[in-house]
Structure formats: C-alpha cells, structure tokens
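Architecture and fold: a report
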Amino acid sequence: MQNPSPRRRRLAATLVLPFVPAWLLIHPAALADGILHDPREVHLADVRQLTFGGENAEAYWSPDGSELIFQATAPPYACDQIFRMRPDQPGERRLVSTGKGRTTCAYFFPDGERILYSSTHLTSAACPPRPDHSQGYVWAIYPSYEIFTARPDGSELVRLTANEVYDAEATTCPQDGSIIFTSMRDGDLELYRMAADGSDVRRLTHAPGYDGGAFFSADCSQIVWRASRPAADALADYRRLLTRDLVRPTKLELWVARADGSDARQITHLDSGSFAPYFHPSGQRILFSTNHGDPRGREFDIWAVNVDGTELERITYTPGFDGFPMFSPDGRWLAFSSNRNQGKPGETDVYVARWIDSPELGGDAALSEASGGDPPG
C-alpha cells in the first residue's frame, strides 16, 4: 500500500461538522454487538448498520440524500429485489421492484422523480438459475435482464431496452439523467450511453473483455468502470464463458475516460478483482473494492486511488467483504456494504459512515470550522 501524501487530503468538498446527529442515537438496533468500525479506518466515523440479515448490497443515495435504494435477497423473495430505505429508519425497507424475477443495480434519476433498475421479470416470475460454478467462480450474465424506470414507489414501470441479450448495470448522470450501462447487444460486454428515455444509444467501449459497473463523476465529465482485458488463452476462456452467459471476474482493473468514452486509460494495475468504483465529489479520487493483497482472493476491502492511478490507499480493514462505496450528494456520508457484524456467515449488510476527508489534520477537531447541514434522513 502506498501512503497518502499530506497535500492530497485537502479536498474541501467533504469537510463536515463534528457532531453526532440524532438519528444515530435513537435507534438501539443500530448498535448491535460485533465489529462496526476498525480503528485503522480513519476516514470513517459514526459507522452505523442499516440492514440486519440476508444479502443487501449496492445501496445508492437519492439526489437529496434522504434515502438509499438497494438490492436485497430477503423473505419471501428467493433472489434480489429492489428496496428503498431511509437511514433514520434502520431495518425498515420498502419494495419498489415487481417482486418477480431477479433485479440488479438500482439508481435514482437526478430529479428524484424516477428510479432505474434492471430485471428479468418479463421472461419469468421465477428466479433465473444460479451460475454454473463447475466453471469456477463466475458471474451470470442473464440475457433476460432489461432496463426499466419507475416512480420511486415502483409504479408506472417503463421498459427502456428490448433485446434478447444482457442489458444491466445502469446508472445515471447527475446533470442530465442520461444513462450509462453494460450490454451484450454487439456480442461483447461493452459500455453504452443513452438518453433518460432510452433513445440515442451510443457505444463507448470497443476492446475485447468485460466493461461494466460504470459511474459518472458528479459533473458528468468523466466515467469510471471495471474492465478485463484478456489475451491469448484468457481471451479464449472469456469468449467460451460468454457463450454460456457467464463471466469470470477474477481479473478486473479500473479504467477512467471522458464521458463520451474518449481518452480511456487504465488506472489500476493490481492483478486482482477490482470493481464498484465511485468518484469522490471532487472528481479527483475514486473509491472501489478489491481483493488486492490477499493471496487467497477472499478478503475484499474498500481502497482509494487518484484518477491518474497514483496514491493507492486502503480505507477499510474489517474481515470479509467491504464494497460498493457511494458518497452522499453533499460528500459528507459514505454508504457501503459489508460482512462486518454478521448475524451469521454469508450475510452482507448496508452501512453508512461519516466521511473524514483529512484524518491527518486531527479528525473531527480539524473540521470544527467546516460548514454544517442536516444528516441523511
């Protein structure tokens, strides 16, 4: 790990007041036994658990920072559905997908009036089959995934894509609501951009390999995503798995480009599984999840890196999985998913923490003159 330089931690966009908001104090369930915060996690404070049990992941903020939208496998559903929740109401969730099929990658449009997610429910109300793990650790690329929008309560469902191929991993530009997503429509897993209504589809990437999980920077001038660039035998394996609607995610690196896909450049060279990148509000730094440093490949933590690939820094340290980091719109809070404080093995929960941008300045004491604002919820 490279140590951060003192100069870099002056990103003023995320300076916060040193207070503990009321919603952190009035919900005893959020104080469950277990490790919520490793002392080495110096960028995180006031860590609180928002879900309790099951598989909960990819929690993304609403434009006003009052809600999170996420996917979860929870009774009575046998596979992931989309839910909304408020961070001041831990443990409470509201279903917004159809309750049928499998869903993934929910996101808010910038006006907060509609949501975006992918679902297989048009093909079948049942969950699609799990991936064939006789092929090793693989992810399923279900061709039945299509992209939909809806009102935040799940009503007024509108289909945006109509292909018999994988269309998923969609997120929006905070400025104009245009959508970046991954599709197999041209025979490879590539990035595309389309207008908020599904029109004007444009391909952004063209290299063989998996391009996915893309996000815009806050000003929508840049995109960041995960990608594989297999060659020789690895490329043959990649193409063989695609014919079975599978992808092997063990070697993924982060790439950054302009929002039109130009000036694409690889910013990590970790030879690991790196994914779920998200821009710091400044647009100068990126948080992401990786198993870098674990020879067995089982320990995933959140790391940070500059957009030019310099100053790699580890953010989380608790055992198991930490990933899917996303800053609140004001940059003061970080939502993420984690195995910490599990009720039982295999559970992943959603957490929120106050972000400390400059811990080398003394943590909360160094931030006492920062501008204030209400906490999420």
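What comes next concerns the included structure.

Conventions adopted
Residues numbered from 1 in each chain as written. Predicted model: local features only at pLDDT ≥ 70, side-chain atom pairs only at ≥ 80, totals over all residues. Heavy atoms only, no water. Salt bridge = Lys/Arg side-chain N within 4 Å of Asp/Glu carboxyl O. Helix = DSSP H or I, 4+ residues; strand = E, 2+ residues; numbered from the N terminus. Buried < 20%, exposed > 50% of the residue type's maximum accessible area, 1.4 Å probe, protein only. Pairing = 2+ DSSP bridges. Disulfide = S-S within 2.5 Å. Core = buried A, V, L, I, M, F, W, Y, C linked by side-chain atoms within 4.5 Å. Contact = heavy atoms within 4.5 Å.

**Section: the pattern of salt bridges**
Scanning the model with the defined rule gives 24 salt bridges in all. R229 is the salt-bridge partner of D211, the closest N and O atoms lying 2.7 Å from each other. Pair noted here: D211 is in strand 15 (residues 211-216) and R229 is in the loop between strand 16 (222-227) and helix 1 (233-242), with a separation of 18 residues, a long-range link. For R285, the salt bridge goes to E313, with nearest N and O atoms at 3.1 Å. With a gap of 28 residues between them, R285 in strand 21 (residues 285-290) and E313 in strand 23 (residues 313-314) connect regions that are remote in the sequence. There is no split in this pair, since R285 and E313 are both buried. One network of salt bridges, in which partners are shared, links E41, D322 and R340.

**Here we look at the sheet that holds strand 21**
Strands sit in the order 20-21-22-23 across an open sheet of 4 strands; the sheet is antiparallel. Edge positions in the sheet fall to strand 20 (274-279) and strand 23, since each has one partner strand and no second. As defined by bridge partners, strand 22 (residues 301-306) adjoins strand 23 across 2 bridges and the pair is classed as antiparallel. Following the sheet pairing, A304 is matched in strand 23 by E313.

**With respect to the state of the cysteines**
Inspection of the entire model under this criterion finds 2 disulfides. Each sulfur in the disulfide pair C79 and C127 lies 2.2 Å from the other. Measuring the twist about the S-S bond at about -100 degrees, one finds the C79-C127 disulfide to be left-handed. Here C79 is found in the loop between strand 3 (68-73) and strand 4 (81-85), whereas its partner C127 is found in the loop between strand 7 (115-119) and strand 8 (139-140), with 48 residues between them in sequence. Residue classification places C79 among the buried residues on the basis of a relative accessible area of 1%. Here C173 is linked by a disulfide to C220, with a sulfur-sulfur distance of 2.0 Å. Where C173 bonds to C220 through sulfur, the torsion about that S-S bond is close to 115 degrees, and the disulfide is right-handed. In this pair, C173 is assigned in the loop between strand 11 (167-172) and strand 12 (179-183) and C220 in the loop between strand 15 and strand 16, connecting sequence segments 47 residues apart. Taking relative accessible area as the criterion, C173 reaches 1% and is therefore assigned buried.

**What about the nonpolar core?**
Ranked by internal contacts, the top residues of the largest apolar core, which has 65 residues, are L68, I69, L116, I179, I286 and F336. Per-element accounting of this core gives the leading share, 5 residues, to strand 26 (residues 349-355). Apart from the residues within four sequence positions on either side, L116 is in contact with C105, A106, Y107, F109, I147, F148, T149, L160, A170, T171, T172 and I179. In this structure, Y142, Y145, L235 and Y238 belong to the second largest nonpolar core, which totals 14 residues.

Function cannot be inferred from these measures alone, as they are strictly geometric.
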